[in-house]
Amino acid sequence: MIVVLGSVNIDICLEVESLPRAGETIHARDRGYSGGGKGANQVLAAKRGGAEVAFFGAVGSDRHAEEALCDIVEAGIPISDIAVVQEETGSANIYVDRHGENCIVVVAGANGLVGADAVAAAVKRASDGFLVLQQEIPFATTHHALKRARASGTRTILNVSPFDKTSAELSRLADIVIANQHEWSQLSGGAETCAAMQEWSRRHRQTIVVTKGAGGVAVASPSEYFEVAAPTIQPIDTVGAVDTFCGYLAAELDRGGSLREATEIAVTAASIACLKAGAQASISVKHEVLNAREQHHAS
Ligand code: RIB
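All values derive from a computational prediction rather than experimental measurement.

Asks: Tell me about the sheet that holds strand β11 (residues 207–211), and name the residues and values.
Replies: Pairing within the open sheet is mixed, and its 9 strands lie in the order β5-β4-β1-β8-β9-β10-β11-β12-β13. With partners counted over all chains shown, the strands left at the sheet margins are β5 (82–85) and β13 (225–228), one partner each. Strand-to-strand twist of the sheet, defined as the mean angle between neighbouring strand axes without regard to direction, takes the value 15°.

As structure tokens, then:
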């Protein structure tokens, strides 16, 4: 079972020619609303990746809540552990340019009220699988969840995003840490070599996974180091690609796949996600990912 304790957002996606610079007013070609939030995206990816899942988070009682949870509900993920609180549903303003690059501004809203009361149940449910966390809910909640999981022997995956000054402290408590290149550089103080990853992994007795976009993924565990290349693609929209990677990696590990096999499948899922617009609409189901992986190997 994959249990995600994390955020739900309504994503307001603006298609622009170029990302706006300071002081600039620009026109968007189009605007779309869809479900998002790193927590919700990752649980959806784990579900589409074939895992049994549970999700703990919070939304407001405003008009955006239903839309934000639409894909979650459609996928059959129970929403009974999502609290309805006196705050607006979290939101993300997302700018996507003609190259598929993006920048995102998040308003925490209800996510800021995901409290420690959800932790005990989430950790218990994850006892035979993985508890998956990100950094869009309060630090205290994530910290408490990681500590409780460690004390009870529940395995954890932490995606240190959005990265902030608490990421280093949180990351030491997780079994698997997923960071992009920029986040890993901040975490490690700029040490980007494979030797530095291995040294970190042995010292903290945890697995470090660094996603590098088109450059693939590097993985260091206390016993191995390997890299997985990403298929060559022309990205349309990279929003949610790392979330797809995290959810798929968790699902594959939960299924009993090796770290290498899980990484390969997750890289393929994340690559396909860059070929479609939207964080959640771009997460493929498992048989599509496996077909794409076969094609990649055959070519
Ligand atoms: O990782 C992508 C996600 O980041 C978006 O769905 C947005 O809601 C922000 O949380």
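Asks: Residues and numbers for the sheet that holds strand β2 (residues 9–16), please.
Replies: If you walk across this open sheet you meet the 4 strands as β3-β2-β6-β7, and the pairing is mixed. A single partner strand is all that each edge strand has here, and the edge strands are β3 (28–36) and β7 (102–107). In this sheet, adjacent strand axes meet at a mean angle of 20° when their direction is disregarded. Of the strand pairs in this sheet, β2 and β3 are connected by 8 bridges, and their pairing is antiparallel. Bridging across to β3, Ile 12 finds its partner in Tyr 33. Contacts from helix α2 (residues 64–74) reach β2 and β3, with the element oriented near 80° to β3.

Asks: So what's going on with the packing of aromatic side chains? Which residues, and what values?
Replies: Taken as a whole and assessed by the stated rule, the structure comprises 1 aromatic pair. The interplanar angle of 80° and the centroid separation of 5.4 Å between the aromatic rings of Trp 184 and Trp 200 together place this pair among those described as edge-to-face. On the criterion of sequence distance, the pair formed by Trp 184 in helix α6 (residues 181–188) and Trp 200 in helix α7 (residues 194–204) is long-range, its members being 16 residues apart. Residue classification places Trp 184 among the buried positions, given a relative accessible area of 2%.

Reading guide: rules and limits
Residues numbered from 1 in each chain as written. Predicted model: local features only at pLDDT ≥ 70, side-chain atom pairs only at ≥ 80, totals over all residues. Heavy atoms only, no water. Pairing = 2+ DSSP bridges. Helix = DSSP H or I, 4+ residues; strand = E, 2+ residues; numbered from the N terminus. Axes fitted to C-alpha atoms, helices over the stretch in contact; angles between N-to-C directions. Contact = heavy atoms within 4.5 Å. Phe/Tyr/Trp six-rings, centres within 6.5 Å; stacked < 30°, edge-to-face > 60°. Buried < 20%, exposed > 50% of the residue type's maximum accessible area, 1.4 Å probe, protein only.

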